[in-house]
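Examination of the molecular architecture
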Amino acid sequence: MSTDLYDVVHRRRDVRGQFTGAPIPAEVLDRVLGAAHAAPSVGLSQPWDFVLVRDPGLRGAFHDHVRQERDTFAATLDGAAAGTFARIKIDGVLESTLSVVVTYDAGRGGPAVLGRHAIADAGLYSVCLAIQNLWLAATAEGLGVGWVSFYREPFVRDLLGIPDGIRPVAWLCLGPVTHLEAVPDLERHGWRSRIPLVEALHHDRW
């Protein structure tokens, strides 16, 4: 049994501050995106698209928006939580090599998407599988990925000209890194502690 996959799974990190900005060789980026595109999808609908964002102006505008959303969230905190959050870097938009925005097209593969009739979100779950494939492939290639979640979907749609009906699911920062932290950022900064598997495990019934 190969342990390589397990090693990648456990080394994977949500990267914020370790991006170098160095270029990604074209063949490496192709492999990473190919791995994302190879993800399983409900009804073989492949409801994802990947928008590669390199333009400094677009990234700068998004970064400004993220800063505003960070301030909005920070205003809801007080006491120790506010102090802890103030020390946490939430994005690597400007430092990373490029951004990859992953979208969801609910109409793709329709009107009858095999397997989605009872679970409307199955298509969205498929996009998340593509994101995870991308993340693990990037880790295997020595790259870092950071998922930025401090944004409003209408802003991203307008910024990137995403058509109506297409949902931006993830803004991912991607690129070479100096290293991957041994402990995830939120644990290192004391925001949350990881729960052990045994506390999330049930047998037969909840």
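Residues numbered from 1 in each chain as written. Predicted model: local features only at pLDDT ≥ 70, side-chain atom pairs only at ≥ 80, totals over all residues. Heavy atoms only, no water.

Considering a nonpolar patch on the surface
A cluster of nonpolar side chains, namely Leu5, Tyr6 and Val9, defines an oily patch on the protein surface of about 300 Å² accessible area. Along the chain, the position of Val9 falls in helix H1 (residues 4–11). (Patch = residues over 30% accessible without salt bridge, like charges linked within 9 Å, V, L, I, M, F, W, Y side chains within 5 Å. Areas by Shrake-Rupley, 256 points an atom, 1.4 Å probe, with all protein chains shown as cover. Salt bridge = Lys/Arg side-chain N within 4 Å of Asp/Glu carboxyl O. Helix = DSSP H or I, 4+ residues; strand = E, 2+ residues; numbered from the N terminus.)

Quick notes on the sheet that holds strand S2 (residues 98–105)
The strand order across the open sheet built from four strands is S1-S2-S4-S3, with neighbouring strands paired in antiparallel fashion. At either margin of the open sheet sits one strand with a lone partner, and together these are strand S1 (48–53) and strand S3 (143–148). This sheet shows a mean twist of 25° between the axes of neighbouring strands, independent of strand direction. Both S1 and S2 contribute to a ladder of six bridges, which runs antiparallel. Within S2, the position partnered with Trp48 by the bridge is Tyr104. This element, helix H2 (residues 26–37), spans S1, S2, S3 and strand S4 (166–176) of the sheet and lies at about 155° to S1. The strands that helix H5 (residues 122–140) touches are S1, S2, S3 and S4; relative to S4, the one it contacts most, it runs at about 5°. (Pairing = 2+ DSSP bridges. Axes fitted to C-alpha atoms, helices over the stretch in contact; angles between N-to-C directions. Contact = heavy atoms within 4.5 Å.)

As for the state of the cysteines
Applying the stated criterion to the full structure yields zero disulfides. Cysteine Cys128 is unpaired, with the sulfur of Cys173 as its nearest cysteine sulfur at 17 Å. For Cys128, a relative accessible area of 34% corresponds to the partly exposed category. In this structure Cys173 comes out as buried when scored by relative accessible area, which is 0%. (Disulfide = S-S within 2.5 Å. Buried < 20%, exposed > 50% of the residue type's maximum accessible area, 1.4 Å probe, protein only.)

Regarding the nonpolar core
For soluble globular proteins, the rule of thumb is that nonpolar side chains tend to be buried together. One finds Val100, Ile131, Leu134, Leu172 and Leu174 to be the most contacted residues of the largest nonpolar core, which totals 26 residues. Sorting the residues of this core by element identifies H2, S2, H5, S3 and S4 as the ones contributing at least two each. Counting residues per element, this core draws most heavily on H5, at eight residues. In this structure, Leu174 is in contact with Phe19, Ile24, Leu29, Ser96, Thr97, Leu98, Val100, Ala138, Leu143, Gly144 and Val145, ignoring residues within four places of it in sequence. (Core = buried A, V, L, I, M, F, W, Y, C linked by side-chain atoms within 4.5 Å.)

Thoughts on H2
Residues lying three or four places apart along an α-helix face the same way, a consequence of the helix completing one turn every 3.6 residues. Here H2 is twelve residues long and its end C-alpha atoms lie 16 Å apart, about the 16 Å a rise of 1.5 Å per residue gives. Those residues of H2 not exposed but buried are Val28, Leu29, Val32, Leu33 and Ala36. Taken around the axis of H2, the buried residues stretch over an arc of 125°, which confines them to a single face. Structural note: H2 exposes Ala26 and Asp30 on the side pointing more than 90 degrees away from its buried face. Buried positions along H2 lie against S1, S2, H5, S3 and S4. (Expected span 1.5 Å × (residues − 1). Arc of directions from axis to C-beta.)

Side note on the side chain of Arg13
For Arg13, the location among the structural elements is in the loop between H1 and H2. Put simply, Arg13 is tucked away with no salt bridge, and the nearest opposite charge, on Glu187, sits 6.5 Å away. Not counting residues within four places of it along the chain, the set of residues in contact with Arg13 comprises Trp135, Val145, Leu180, Glu181, Ala182, Val183 and Pro184. (Lys, Arg positive; Asp, Glu negative; His and termini not counted.)

Quick notes on the side chain of Ser45
Summarising the element assignment, Ser45 is placed in the loop between H2 and S1. A polar contact of 2.8 Å, which involves the side chain of Ser45, links it to the backbone oxygen of Val42. Those residues within four positions of Ser45 in sequence are excluded, and the remaining contacts are Arg108, Gly109 and Val113. (Polar contact = N/O pair within 3.5 Å; in protein donor to acceptor, adjacent residues only side chain to side chain.)

Notes on the pattern of salt bridges
A complete count under the given rule lists twelve salt bridges for this structure. Notably, a salt bridge pairs Arg31 with Glu141, separated by 2.6 Å at the nearest N-O pair. On the criterion of sequence distance, the pair formed by Arg31 in helix H2 and Glu141 in the loop between H5 and S3 is long-range, its members being 110 residues apart. The exposure class of Arg31 is partly exposed, given its relative accessible area of 45%. Arg152 is the salt-bridge partner of Glu69, the closest N and O atoms lying 3.1 Å from each other. With Glu69 in helix H3 (residues 56–74) and Arg152 in the loop between S3 and helix H6 (153–160), this residue pair connects regions lying 83 residues apart in the sequence. Residue class for Glu69 comes out buried when judged on its relative accessible area of 15%. Given the relative accessible area of 46%, Arg152 is considered partly exposed.

Geometry only, nothing functional implied.
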